[in-house]
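Chain by chain, the residues:
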Amino acid sequence: MTDSQGASLRLADIAAAVGGTVQGDGERRVSSIAPLDRAGAGQLSFLALPKYVPLLADSQAEAVLVSPEFKDAPGRCAHRIVVAKPQEAILALLPLMYRQPVRPFVGVHPTAVVDPSATIDADVCIEAFCVVGAGARIGRGAWIGAQCVIGDGAQLGADVRLHPQVTLYPRVVLGDRTAIHSGSRIGSDGFGYVFRDGAHQKIPHVGGCVIGRDVEIGANCAIDRGSIDDTVIGDGTKIDNLVHIAHNVRIGRLCLLTAQAGIAGSARLGDGVVMAGQSGISGHVTVGDKVTLTARTAVISDIPAGETWGGYPARPHREQMRSFAALAKLPDWMKRVERALRDASPSREDETP
Amino acid sequence: MTDSQGASLRLADIAAAVGGTVQGDGERRVSSIAPLDRAGAGQLSFLALPKYVPLLADSQAEAVLVSPEFKDAPGRCAHRIVVAKPQEAILALLPLMYRQPVRPFVGVHPTAVVDPSATIDADVCIEAFCVVGAGARIGRGAWIGAQCVIGDGAQLGADVRLHPQVTLYPRVVLGDRTAIHSGSRIGSDGFGYVFRDGAHQKIPHVGGCVIGRDVEIGANCAIDRGSIDDTVIGDGTKIDNLVHIAHNVRIGRLCLLTAQAGIAGSARLGDGVVMAGQSGISGHVTVGDKVTLTARTAVISDIPAGETWGGYPARPHREQMRSFAALAKLPDWMKRVERALRDASPSREDETP
Amino acid sequence: MTDSQGASLRLADIAAAVGGTVQGDGERRVSSIAPLDRAGAGQLSFLALPKYVPLLADSQAEAVLVSPEFKDAPGRCAHRIVVAKPQEAILALLPLMYRQPVRPFVGVHPTAVVDPSATIDADVCIEAFCVVGAGARIGRGAWIGAQCVIGDGAQLGADVRLHPQVTLYPRVVLGDRTAIHSGSRIGSDGFGYVFRDGAHQKIPHVGGCVIGRDVEIGANCAIDRGSIDDTVIGDGTKIDNLVHIAHNVRIGRLCLLTAQAGIAGSARLGDGVVMAGQSGISGHVTVGDKVTLTARTAVISDIPAGETWGGYPARPHREQMRSFAALAKLPDWMKRVERALRDASPSREDETP
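Reading the values: rules and limits
Each residue is numbered by its place in its chain's sequence as written, counting from 1. Written order determines the labels here, with chains lettered from A and ligands numbered from 1. A pLDDT threshold of at least 70 governs which residues receive local features in this predicted model, and a stricter bar of 80 or more applies before side-chain atom pairs are shown or counted, although totals over entire chains, interfaces and linings include all residues. Hydrogens and waters are ignored; side-chain quantities use all the structure's heavy atoms. Here the copies are superposed with least squares, the fitted atoms being C-alpha atoms of residues at a pLDDT of at least 70 in both. In short, DSSP must find at least two bridges between two strands for them to pair. To qualify as a helix, a DSSP run of H or I must reach at least 4 residues; to qualify as a strand, a run of E must reach at least 2; elements of each kind are numbered from the N terminus. Each domain's extent was defined by an automatic or database domain assignment. Cavity and pocket criteria rest on a 1 Å grid covering protein atoms alone: a 1.4 Å probe that fits but cannot get out defines a cavity, protein on both sides within 12 Å along at least 5 of 7 lines defines an open pocket, and an atom within 4 Å of a point defines a lining residue. Grid points are joined across faces, edges and corners, and a volume is the space filled by probe spheres set on the points. In the scheme used here, Gly and all other residues not listed as nonpolar or charged are polar, with Ala, Val, Leu, Ile, Met, Phe, Trp, Tyr, Cys and Pro taken as nonpolar and Asp, Glu, Lys and Arg as charged. Under the scheme applied here, a residue whose accessible area is under 20% of the maximum for its type counts as buried, over 50% as exposed, and between as partly exposed, the area being computed with a 1.4 Å probe on protein chains only. What makes two residues a contact is simply this: any of their non-hydrogen atoms within 4.5 Å. Note on terms: buried area is the combined drop in 1.4 Å-probe accessible area of two parts once they are placed together, counting the loss on both. The term salt bridge refers to a pairing of a side-chain nitrogen on Lys or Arg with a carboxyl oxygen on Asp or Glu at a separation within 4 Å. A 3.5 Å cut-off defines polar contacts: any pair of N or O atoms within that distance qualifies, except that in protein one atom must be a possible hydrogen donor and the other a possible acceptor, and neighbouring residues in sequence count only when both atoms are side-chain atoms. With axes taken as lines fitted to C-alpha atoms, and helix axes fitted only over the stretch in contact, angles between N-to-C directions fall between 0 and 180 degrees. Here the word oblique covers every angle except those under 35 degrees (roughly parallel), over 145 (roughly antiparallel) and from 65 to 115 (roughly perpendicular). Should the near helix be turned anticlockwise from the far one by less than a right angle, the crossing is termed left-handed; should it be turned clockwise, right-handed. Put simply, a patch holds well-exposed residues, over 30% relative accessible area, that have no salt bridge, with like charges counted together within 9 Å and Val, Leu, Ile, Met, Phe, Trp or Tyr side chains within 5 Å. Residue burial considers only the protein chains on display, and all accessible areas are found by Shrake-Rupley using a 1.4 Å probe. Two residue types count as positive, namely Lys and Arg, and two as negative, namely Asp and Glu; His and chain ends fall outside the count. Positions of charges follow a simple convention, taking NZ of Lys, CZ of Arg, CG of Asp or CD of Glu. The arc in question is the one traced by the directions running from the helix axis out to the C-beta atoms. Two rings from Phe, Tyr or Trp (for Trp, the six-membered ring) form a pair when their centres are within 6.5 Å of each other. A pair whose planes differ by under 30 degrees is stacked, one over 60 is edge-to-face, and the rest are tilted. UniProt positions are given in the numbering used here, feature names are shortened, and annotations may be inferred rather than shown by experiment.

> Provide a residue-level description of the relation of the copies chain A and chain B, including the pertinent values.
Rotating chain A by 120° about the axis while translating it 0.0 Å along that axis superimposes it on chain B, leaving an RMSD of 0.1 Å. On the angle and the small slide along the axis, the relation comes out as a three-fold axis.

> Describe the sheet that holds strand 18 (residues 167–168) of chain A, naming the residues involved and giving the relevant values.
All names here are of chain A. The strand order across the open sheet formed by ten strands is 9-12-15-18-21-26-29-32-35-38, and the pairing between neighbours is parallel. Edge positions in the sheet fall to strand 9 (113–114) and strand 38 (298–299), since each has one partner strand and no second. Summarising the sheet, strand 35 (residues 280–281) and strand 38 pair through two bridges and their orientation is parallel. Along strand 38, the bridge assignment pairs Ile281 with Val299.

> Lay out the sheet that holds strand 16 (residues 155–156) of chain A in plain terms, naming residues and giving numbers.
Residues and elements named next belong to chain A. Across the sheet, nine strands lie side by side as 10-13-16-19-24-27-30-33-36; this open sheet has parallel pairing. Whereas interior strands pair on both sides, the edge strands pair on one side only; in this sheet they are strand 10 (119–120) and strand 36 (286–287). Bridge count between strand 13 (residues 137–138) and strand 16: two bridges; the pairing is parallel. Note on strand 16: the bridge partner recorded for Ile138 is Leu156.

> Which residues make up unusual backbone geometry, and what values go with them?
The phi angle of most residues is negative, glycine excepted, and most peptide bonds adopt the trans form. The residue after Tyr312 of chain B, namely Pro313 of chain B, is reached through a cis peptide bond having omega -5°. Here Pro313 of chain B lies in the loop between strand 39 (308–310) and strand 40 (315–316). Not every positive phi belongs to a glycine, and Asn248 of chain A is a case in point at roughly 70°. Assignment of secondary structure puts Asn248 of chain A in the loop between strand 29 (244–245) and strand 30 (250–251).

> With reference to specific residues and values, describe the pairing of strand 21 (residues 185–188) of chain B.
All names here are of chain B. Judged from the two bridges that link them, strand 18 (residues 167–168) and strand 21 form a sheet pairing that is parallel. In the strand pairing of strand 21, Thr167 is matched with Arg185. Inspection of the sheet shows strand 21 paired to strand 26 (residues 222–224) by three bridges, in the parallel sense. Looking across to strand 26, one finds that Ser188 is bridged to Asp224.

> Residues and numbers for the domain arrangement of chain A, please.
Parsing chain A into structural domains produces domain 1 (9–97), domain 2 (166–313) and domain 3 (317–351). Using C-alpha coordinates to define each centre, domain 1 of chain A is positioned 55 Å away from domain 3 of chain A.

> Before we move on, could you go through empty space enclosed by the protein and cite the residues and values that matter?
Within the structure shown, the criterion is met by four cavities of 30 Å³ or more. Counted as a void, the largest cavity has a volume near 200 Å³. For the lining of the largest cavity, the per-class residue count stands at three nonpolar, six polar and three charged.

> Mind laying out the side chain of Ser266 of chain B, listing which residues take part and the relevant values?
Mapped onto the secondary structure, Ser266 of chain B falls in the loop between strand 32 (262–263) and strand 33 (268–269). The class for Ser266 of chain B is buried, based on a relative accessible area of 15%.

> How would you explain the interface of chain A and chain B if you had to name every residue and give the values?
Each side of the interface is counted separately: chain A has 69 residues, and chain B has 65 residues. Taken over both partners, the interface formed by chain A and chain B buries close to 5100 Å², and the fraction arising from carbon and sulfur atoms is 62%. Broken down residue by residue, the surface that chain A buries against chain B is led by Phe191, Ile228 and Tyr312 of chain A, which jointly contribute 15%. Seen at the junction of chain A and chain B, the total is six salt bridges. Note that Glu216 of chain B and Lys202 of chain A form a salt bridge whose closest N and O atoms lie 2.8 Å from each other. Across the contact surface, chain A and chain B share 32 residue pairs in polar contact (both at pLDDT 80 or more). Within the residue set of the side of chain A that touches chain B, elements represented by two or more residues are strand 21 (185–188), strand 22 (193–196), strand 23 (199–202), strand 26 (222–224) and helix 4 (317–344) of chain A. Among the elements that make up the side of chain A that touches chain B, the one with the highest residue count is helix 4 of chain A (13 residues). Considering only residue class, the side of chain A that touches chain B consists of 36 nonpolar, 19 polar and 14 charged.

> Outline the packing of helix 1 (residues 11–18) of chain A against helix 3 (residues 86–97) of chain A, supporting the account with residue identities and numerical values.
Residues and elements named next belong to chain A. With their axes 10 Å apart at the nearest point, helix 1 and helix 3 run at an angle of 120° to one another. The angle between the axes of helix 1 and helix 3 places the two elements in the oblique class. Remark: the crossing between helix 1 and helix 3 carries right-handed chirality. Counting all contacts with helix 1, which are made through Ile14, Ala17 and Val18, the residues of helix 3 involved are Ala89, Leu93, Leu96 and Met97. Partitioned by chemical class, the residues of the contact of helix 1 with helix 3 number seven nonpolar, no polar and no charged.

> Explain a positive patch on the surface to me, and be specific about the residues and the numbers.
Among the surface-exposed residues, Lys329 of chain A together with Lys335, Arg339 and Arg342 of chain B lie close enough to one another that they form a single positively charged patch. It is helix 4 (residues 317–344) of chain B that contributes the most residues to the positive patch, three residues altogether. Its location among the elements puts Lys335 of chain B in helix 4.

> Describe helix 1 (residues 11–18) of chain B, listing the residues and the values that go with them.
Residues and elements named next belong to chain B. Where helix 1 is concerned, the buried positions are Leu11, Ile14, Ala15 and Val18. The buried residues of helix 1 occupy one face: seen down the axis, they fall within an arc of 100°. With its phi angle positive at about 70°, Gly19 sits one or two positions after the end of helix 1.

> Explain the interface of chain C and chain B to me, and be specific about the residues and the numbers.
Contact residues are listed per partner, giving 65 residues for chain C and 70 residues for chain B. Taking both sides of the interface into account, the surface hidden between chain C and chain B amounts to around 5100 Å²; carbon and sulfur atoms contribute 62%. Taken together, the links from chain C to chain B amount to six salt bridges. Looking at the side of chain C that touches chain B, the elements that each hand over two or more residues are helix 3 (86–97), strand 28 (238–239), strand 31 (256–257) and helix 4 (317–344) of chain C. Here the side of chain C that touches chain B is built from residues that sort into 32 nonpolar, 21 polar and twelve charged.

> Residues and numbers for the side chain of Asp240 of chain B, please.
Along the polypeptide, Asp240 of chain B turns up in the loop between strand 28 (238–239) and strand 29 (244–245). A distance of 3.1 Å separates the side chain of Asp240 of chain B from the backbone nitrogen of Ala259 of chain B, its partner in a polar contact. Excluding its chain neighbours within four sequence positions, the residues that come into contact with Asp240 of chain B are Phe191, Asp224 and His244 of chain A together with Gly218, Cys221, Leu257, Thr258 and Ala259 of chain B.

> Requested: an account of the packing of aromatic side chains, with residues and values cited.
What the rule picks out here adds up to twelve aromatic pairs over all chains. With centroids separated by 5.2 Å and ring planes inclined at 75°, the aromatic side chains of Phe129 of chain A and Phe129 of chain B adopt a geometry described as edge-to-face. A residue pair is termed interchain when its members come from two chains, as with Phe129 of chain A in the loop between strand 11 (125–126) and strand 12 (131–132) and Phe129 of chain B in the loop between strand 11 (125–126) and strand 12 (131–132). Like Phe129 of chain A, the residue Phe129 of chain B is buried in the burial classification. Aromatic pair Phe324 of chain A and Tyr312 of chain C: ring centres 5.2 Å apart, planes at 65°, arrangement edge-to-face. Placement of Phe324 of chain A in helix 4 and of Tyr312 of chain C in the loop between strand 39 (308–310) and strand 40 (315–316) is noted, with the two residues assigned to different chains. Comparing Phe324 of chain A with Tyr312 of chain C, the two get one shared label, buried.

> How would you explain the UniProt feature "active site" (unreviewed entry) in chain A if you had to name every residue and give the values?
Residue and element names in this part refer to chain A. What UniProt calls "active site" (unreviewed entry) maps, in this numbering, to His247. Here His247 is to be found in the loop between strand 29 and strand 30. Filtering out sequence-adjacent residues up to four positions away, His247 remains in contact with Gly190, Phe191, Gly192, His205, Asp224, Arg225, Gly226, Ser227, Thr231, Gly265 and Ser266. Among the polar contacts made by the side chain of His247, one reaches the side chain of His205 at a distance of 2.8 Å.

> If you had to explain the environment of Ile239 of chain C to someone new, which residues and values would you point to?
Mapped onto the fold, Ile239 of chain C is located in strand 28. Sequence-wise, Ile239 of chain C and Ala276 of chain C are 37 residues apart; in three dimensions their C-alpha atoms are separated by 11 Å. Not counting chain neighbours up to four residues away, the residues in contact with Ile239 of chain C comprise Phe191 of chain B together with Glu216, Ile217, Gly218, Cys221, Ile223, Ile233, Ile245 and Leu257 of chain C.

What follows is the structure in structure tokens.
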């Protein structure tokens, strides 16, 4: 267990903060949180689901947040805080116990190479070995991790956070408070060629890549710029690791794109779309607001708003589940039908030459 | 809309360049291109497909390239250039209107660390924080973006372009005019182990990784070196983002590998193979010339030249489509067959004990 | 063929090293290894499988390791070493012929930025432009490639190898002899949000990311830290390129995770699990010891130890193969059943209104 040291808190104070009651010693202190089977001295754990009750027995946690039905469940740990929803209590405690990561300094690291024509707000942190191109603008509050490359003319709003080794191609636009994890590439050329004279001739990509406000992008993603149009990602959309977004794609607000999802060129996603892991959307397809795609779904046609689709090629989830169930029993069922057909036509076999 | 400023061109000059005729004011000027629903003052748009006619009505574009059948379609914008194929006209205009990106300088950035035994042509641009290893060779015209790592003994032909943060492992070979987008890793060790003495023992990877001429590789790809053999990618092949190519794979000329495709070890691809998004090819399989794999296809056996395959496990596309259609109607059809079998054997139910 | 120069060895010495017998001139020398169809002068090749016998005919290899049944197979190359298992012989020869890559120097490159509070063993190599954070610890024997970022408080055991441009987020732990290929990101925030007040609110990720001993991780992978729990990868596990591992995942010892595999949050994998390429495991699922997942498998439920599963949704491989076979013949079979049902109920058609 890594020691992510938090603030030391009294159980009584924790109970007050989350609206719970202490059972045991309210003066005890905890300074970090861990699951039942990994928690030790000085650590707070929690129990909310019946399946984890057995883990309470041997848990070495200093104290445990429990829901009322488990307040007397057997276990080594006598110090408990009884609260209606332990998981929500944990979420409320996290900011009290753990300091948010903060910028190591304000200013530009002496090793960074910043073009003189870039506009850098005074209240920024640009870490070691960053490269900032001509005409780029970085708004106040930014935290640019080590070894980021910010292309010519890129525009970063306020409070943007780039983790280390992010590449923003020229003219990429990032809205306020948008965060990008390590290794993601924003604004690379899309995959567009015309076959002519015996070769795939590259289509120049002169469009932009416009990322909204409050977007978070995971590690090692690739988001292409538009060819002539822009690639656009709406405010509040969250993107997991290793996601691919092709040229000219337009994604609405508050979408969730889970790891290894991929979206082909010129697809349109409405607001609140959820793509589960390893799902994909074909080019030029329109996916309506609040559509959910289950894991590994491959969309090849438009989907109306509000629906849940799955499978390959994607269909409404319920239909897809019926097909999967039918497929699972198909081999045995085929045999049974063959038998029944023979029984139904007893003379059939004789008829065959 | 990001302002990708192009050259300001008169409509009359554009019409002359693309073989069209001006309808409206030929003296008007445009300096960039955008789709109908995003274009504004000073921007040229285009209309080629009937489905986009409604967007013309409210388009704020300064001028529009239209095909003859839409020359009088209703719309705010009175200045039009009528041309047989507006999309081809746009492709022809792009190089006139937009300057190709050019190297910011010629020479080696003072922060770059270049081994004295490397051979660097005088006509190269090596940007900030690059690392060039012992014995590496970089040909004339190269543009090496910031923070690239070029391993010992790597050989780069003429006019190679590496976008920022590319890694070339030792002894990688790149042909003339090959371009690699940000974050791609070329020549990493393949995934090869032998289980012995209770551990997965690593097989040393002493093979090479040879990329041909005029290849383009997208962002965040991973292309392994060979174990004993080389990994080879043929001239003119284009590779999208987040593609994985394993050790000893040999890919022919002029292939297109779309995003998130993966090729397992020692597979062989002929010339002109097209892999659509998220498709995969198993190890040691041979895929013939001009084979097309539809999106999400998983190949586990050889495919003859010229065929289109799909599905998992991959089969000829037409057969696969028939199976998918059958699967979609299977649940209801099963019910109908059960009913028909009961009808056909009315005494059946009585027979069951 | 790239010239990966090895040591020059006499055939007689090679035969002695691998327990084989020379056929031809034992004084001949070879200094590298290549497959039959690519080998040339001075190169050793091998022939173990009947399918490659035709390649022997024209092989330009200087010498060939052959299994006894092929010792007289026709071919240009007269100098052969007959050995029971040529492939194992090659593996034994690799370390004799090829030098393992070695650190270019011992010490910290003058361009690296190392926080004064970091603890760096004297016997390390930290290459150009690395950034090492506050409180980080790097054990003896480490080889940290160019442009790596090692976050605050990260703990690296002995003999760790990071290839160029790896990011370790704060507090990541790596065991002894663990190797990470270029571009992998370890310890990034997991994909966790709570929808509240009209936005996806980020759940702080305060857990750790603990990688065991003798782990190897391929290029451009993304392994998230835990939310409250840790993400844990067991000793001796090997991970291929572009693999995604989400927050709180626990992976046992000696697993093999092939390229583009993905594991969703809080999944548990036992020891010796094999995930073939592009396979995926859903969140909170438990996969037992020594389970094998075939390529492209999508697991959505627990799997008992020792089983081989495939398909989507995953089922036991044998069942899945039966379903795939049934699906392939389904369209024609449906037609046949329809016909048989009509034959079995000749009056049926008349009954329809």
